[in-house]
Amino acid sequence: MKRLKKLGIMLVIILILTGVSIIISMSKFNTPNFIKSGMGIAKIMLTDAEIVQIQQYPQVYLAKPDNAQQTLINFMEQRGYKYLEDERMASILVFGNETSKNYIEFSVNGYYSKWVFRE
């Protein structure tokens, strides 16, 4: 009986930690997958990785904070898009090519830069 009680307490603790992790991941990284976002932030902070994709749809990327806006511009130019500076709306950067436009919510802090692709 004592063993079953300990197991129940451990299960509740794990569920609470998982729930808190999902809430933090949703609010900070726009993805419910806290494992993927945790691995992404670790890669950015602890390795030489410049850019890490943490979600497929909508696309969410993390990047190193140093010169992050220019890194995003270079990233999009490699994909065939041009930065449309005159269409920028506060923290949303706009990139376009002949057929489409991409609206990217851009934010940066001391640890990482986050890019969220909007439609």
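Note that the coordinates shown come from a computational prediction; the quantities given were computed from them, not determined experimentally.

*Asks:* I'm lost on the overall build of the protein chain in this one. Help?
*Replies:* Secondary structure assignment for the protein chain yields three helices and six strands. Shown N-terminal to C-terminal, the secondary structure of the protein chain runs as helices and strands in the order α-α-β-β-α-β-β-β-β. On C-alpha atoms alone, the protein chain measures out to a radius of gyration of 18 Å, which is more than a quarter above the 14 Å that the 2.2 N^0.38 rule sets for 119 residues. With the C-alpha coordinates of the protein chain rotated into their principal frame, the extents come out at 70 × 30 × 20 Å.

*Asks:* Which parts of the structure should I look at to understand unusual backbone geometry?
*Replies:* Residues other than glycine predominantly adopt negative phi, and peptide bonds predominantly adopt the trans conformation. For the bond running from Tyr-57 to Pro-58, omega is -15°, close enough to zero to count as cis. One can find Pro-58 in the loop between strand 1 (51-55) and strand 2 (60-63). The residue Asn-67 is not glycine, and still its phi comes out positive at about 55°. On the secondary structure map, Asn-67 appears in the loop between strand 2 and helix 3 (68-78). For Asn-67, a relative accessible area of 57% corresponds to the exposed category. For Ala-90, which is not a glycine, the phi torsion comes out positive at approximately 50°. Of note, Ala-90 is situated in the loop between strand 3 (82-83) and strand 4 (92-96).

*Asks:* Help me understand the side chain of Ser-37, please; the structure alone is not making it clear to me.
*Replies:* Relative to the elements of secondary structure, Ser-37 occurs in helix 2 (residues 34-46). Setting aside residues up to four positions removed in sequence, Ser-37 forms contacts with Ser-25, Phe-29, Thr-31, Ile-54 and Leu-62.

*Asks:* Can you walk me through the environment of Met-76 in this structure?
*Replies:* Among the secondary structure elements, Met-76 is positioned in helix 3. Put simply, Met-76 and Ser-91 are 15 residues apart on the chain and 16 Å apart in space, counted from C-alpha to C-alpha. Leave out the neighbours within four places in its chain, and Met-76 touches Tyr-81, Phe-95, Asn-102, Ile-104 and Phe-117.

*Asks:* Please clarify how the pairing of strand 2 should be interpreted in this entry.
*Replies:* Taken residue by residue, a regular strand's side chains alternate between the two faces of the sheet. Burial of strand 2 is two-sided: the residues Val-60 and Leu-62 facing one way and the residues Tyr-61 and Ala-63 facing the other way are all buried. For strand 1 and strand 2, the ladder comprises four bridges, and the chain directions are antiparallel. Paired with Gln-53 across the bridge in strand 2 is Tyr-61. As judged from the four bridges shared by strand 2 and strand 6 (residues 113-118), these two strands associate in the antiparallel manner. When the sheet's bridge partners are listed, Tyr-61 is paired in strand 6 with Trp-115.

About the criteria used
Residues numbered from 1 in each chain as written. Predicted model: local features only at pLDDT ≥ 70, side-chain atom pairs only at ≥ 80, totals over all residues. Heavy atoms only, no water. Helix = DSSP H or I, 4+ residues; strand = E, 2+ residues; numbered from the N terminus. Rg over C-alpha atoms; globule rule 2.2 N^0.38 Å. Buried < 20%, exposed > 50% of the residue type's maximum accessible area, 1.4 Å probe, protein only. Contact = heavy atoms within 4.5 Å. Pairing = 2+ DSSP bridges.

No statement about biological role is implied by the geometric values presented.
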